[in-house]
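Overview (structure and organization)
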Amino acid sequence: MAWRYHAQRAVTNTWLNRDCFMLGTNLEWSLSGPGALSCNLDAVAAQEIAGDGILLFDEWSTLIYAEEDDIIRWGGIVDSSTDLGNGSRAITARSFSGYPEGRVYLDELRYYETDGFDLIRMLWTKLQEDPLANLDVQLSQNKSGITIGSANPGDRPIQQPGETLEAYEARVVAWQSAINEPYELAWWNTPDYGNEIDNLIVQTGGAYTERHAWTGENKDAVTHNIDLHFPVAGNRRDDLRFVEGENVFVPPLPTRDGLLYGNYVIALGAGEDRHTLREEVGRQDGRLRRDIVAPSKGTYSPSLLQRMAQDTLDDAQQIMKYDTIEVLNHPNAPIGSWQLGDDLFLQTHSGFEKINDWVRLVGWSMAPDNPDRATLKTVRI
């Protein structure tokens, strides 16, 4: 497996280096979240100036693509670096889906009865209208089937000819009391694009994955895609096997942390004091009541806050948790044979908890210099 790293200027799409020298590279992929790249640069690469007079590896300016055997496996944006002394640097990068985080929406909008995936596409479109923010990310055109925002109550009623004042006022009262919970964004609340996209993913119960591909005969351009998935991103993989002692060389050590357990959630949204938006959800499970407070001051929608409270409760009910599996390249499951969102069957025989269950793959990482090992991030399902 041959790996190469390409550097491109984000704003101009100018290629800076088609074979970058990077040490100790580690790559991460995440479901419904940004992946990451980290590496070290020697004194030459760390201080290299590109043809445009700017550092080759410049924060929020340089795009990096990790290519294996002519296929782009990872793409992202340099976001930080650390001086390691002697002129060398350590750099980190986030994948394209992490760009909206920290960007502030500076307009006003209101949507009624709109598919959640349409709202996500709307946010990406708005984000990329600025030439200094246009990464040319394309989103899949599928629907989630989950409607965000209440029905549009329409304009204030107008008194009709011959209608009594009493009847008209009754219609106005009915109009005023009609359910009116649109999806709204307002610049004075400084909404964060990334937070809004994450909230919509939670509210729809969907997921997203990111991919990049060469285009053109000479690999001179790249397409960037975010695929929206509903209800799940992956598949149940009966063709893969993860067994301790075969390809699982460091089995997970489950924890039973009762301090993180809860069976009643109080979610707090926007507002102050007694006017704070509040949603509660609980479950009788035979245990003593344990409360969890879930603050989300940027949430203005009761239905979204309710969904977030339910998700918090579901997670807090999983008293036994394990999140990482160290695996070897093996015919049971060759490295990279899985996809984010896949359901994988895991079997272990050591430790207090014996695992014999399906888990969902929500992220994974590997070092190209050590291609026969990978770390899988999973959640119980």
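For the structure itself, look to the data block above.
**Some thoughts on the overall build of the chain**
When you go through the chain residue by residue, the secondary structure sums to five helices and 25 strands. Across the chain, every contact between residues at least 6 apart in sequence was considered, and the portion connecting residues at least 24 apart equals 65%. Within the structure as shown, the chain displays about 19900 Å² of accessible surface, and the carbon and sulfur contribution to it stands at 50%. One finds the centroid of the 33 positive side-chain charges in the chain at a distance of 5 Å from the centroid of its 57 negative side-chain charges.

**Topic: the pairing of strand β13 (residues 207–215)**
Across nine bridges, β13 lies against strand β14 (residues 221–229) in antiparallel orientation. The residue of β14 that forms the bridge with W214 is V222.

**Some thoughts on the pattern of salt bridges**
Counting across every chain of the model gives 25 salt bridges. Between R89 and E59 there is a salt bridge, with the nearest N and O atoms lying 3.5 Å from each other. Here R89, found in strand β7 (residues 88–95), pairs with E59, found in the loop between α1 (43–46) and β5 (62–68); they are 30 residues apart in sequence, far enough to count as distant. Note that R110 is salt-bridged to E184, the shortest N-O span being 2.6 Å.

**Quick notes on the sheet that holds strand β19 (residues 278–282)**
Strand order in this open sheet of three strands is β19-β18-β20, and the pairing throughout is mixed. Whereas interior strands pair on both sides, the edge strands pair on one side only; in this sheet they are β19 and β20 (291–295). Neighbour-to-neighbour, the strand axes of this sheet turn through a mean angle of 15°, independent of strand direction. Pairing between strand β18 (residues 264–268) and β20: five bridges, direction parallel. Residue pairing in the sheet places Y264 in a bridge with D291 of β20.

**As for the layout of surface pockets**
In this structure, the largest pocket occupies an estimated 1000 Å³ of space. In this structure, the largest pocket is lined by 26 residues; those nearest its centre are V202, D311, D315, V362 and V379. Secondary-structure elements contributing two or more residues to the lining of the largest pocket are α4 (193–204), α5 (302–317), β24 (356–366) and β25 (373–380). Residue contributions to the lining of the largest pocket peak at five residues, all from α5. Each residue belonging to the lining of the largest pocket can be placed in one class, and the counts come to 12 nonpolar, seven polar and seven charged. The volume enclosed by the second largest pocket comes to roughly 810 Å³.

**Re the environment of Q141**
Relative to the elements of secondary structure, Q141 occurs in the loop between β10 (137–139) and β11 (147–148). Sequence separation between Q141 and D227 is 86 residues, and the spatial gap between their C-alpha atoms is 8.5 Å. Polar contacts involving the side chain of Q141 include one to the main-chain carbonyl oxygen of L139, which spans 3.0 Å.

**Some details on unusual backbone geometry**
Excluding glycine, most residues fall at negative phi; most peptide bonds, likewise, are trans. The step from F230 to P231 runs through a cis peptide bond, and the omega angle for that step is 0°. You can see P231 is positioned in the loop between β14 and β15 (242–243). Here the phi dihedral of N13 falls at roughly 65°; this positive angle occurs in a residue that is not glycine. A positive phi angle, close to 50°, is found at D69, a residue other than glycine. As for its placement among the helices and strands, D69 is situated in the loop between β5 and β6 (71–85).

**Thoughts on the packing of α4 against α5**
For the pair α4 and α5, interaxial distance at closest approach is 9 Å and the crossing angle is 70°. With respect to their mutual orientation, α4 and α5 come out roughly perpendicular. On α5, the residues that touch N199, V202, Q203 and T204 of α4 are S303, L304, R307, M308 and D311. For the contact of α4 with α5, the residue count by class is three nonpolar, four polar and two charged.

**Some points on empty space enclosed by the protein**
Scanning the model with the defined rule gives one cavity of 30 Å³ or more in all. One number sums up the size of the largest cavity: a volume of about 40 Å³. Lining the largest cavity, in full, are I148, G149, E181, P182, Y183, Q203, S301 and S303. When grouped by side-chain class, the residues that make up the lining of the largest cavity number three nonpolar, four polar and one charged.

**A look at the packing of aromatic side chains**
Scanning the entire structure with this criterion turns up 11 aromatic pairs. Ring centres of W29 and W364 lie 4.2 Å apart, and the angle between their planes is 15°; on these two criteria the pair is classed as stacked. Residue W29 is located in strand β3 (residues 23–30), and its partner W364 is located in strand β24; the two are separated by 335 residues in the primary sequence. We classify W364 as buried; its relative accessible area is 11%. Centroid distance Y65 to F96: 6.5 Å. Interplanar angle 35°. Geometry classified as tilted. Here the residue Y65 occupies a position in strand β5, and F96 occupies one in the loop between β7 and β8 (108–111), the gap between them amounting to 31 residues. What makes F96 buried here is its relative accessible area of 1%.

Rules used in this analysis
- Residues numbered from 1 in each chain as written.
- Predicted model: local features only at pLDDT ≥ 70, side-chain atom pairs only at ≥ 80, totals over all residues.
- Heavy atoms only, no water.
- Helix = DSSP H or I, 4+ residues; strand = E, 2+ residues; numbered from the N terminus.
- Contact = heavy atoms within 4.5 Å.
- Areas by Shrake-Rupley, 256 points an atom, 1.4 Å probe, with all protein chains shown as cover.
- Lys, Arg positive; Asp, Glu negative; His and termini not counted.
- Charge placed at Lys NZ, Arg CZ, Asp CG, Glu CD.
- Pairing = 2+ DSSP bridges.
- Salt bridge = Lys/Arg side-chain N within 4 Å of Asp/Glu carboxyl O.
- Axes fitted to C-alpha atoms, helices over the stretch in contact; angles between N-to-C directions.
- 1 Å grid on protein atoms, 1.4 Å probe; cavity = no way out; pocket = protein on both sides within 12 Å on 5 of 7 lines; lining within 4 Å.
- Points joined across faces, edges and corners; volume = space filled by probe spheres on them.
- Nonpolar A, V, L, I, M, F, W, Y, C, P; charged D, E, K, R; others polar.
- Polar contact = N/O pair within 3.5 Å; in protein donor to acceptor, adjacent residues only side chain to side chain.
- Parallel < 35°, antiparallel > 145°, perpendicular 65-115°, else oblique.
- Phe/Tyr/Trp six-rings, centres within 6.5 Å; stacked < 30°, edge-to-face > 60°.
- Buried < 20%, exposed > 50% of the residue type's maximum accessible area, 1.4 Å probe, protein only.

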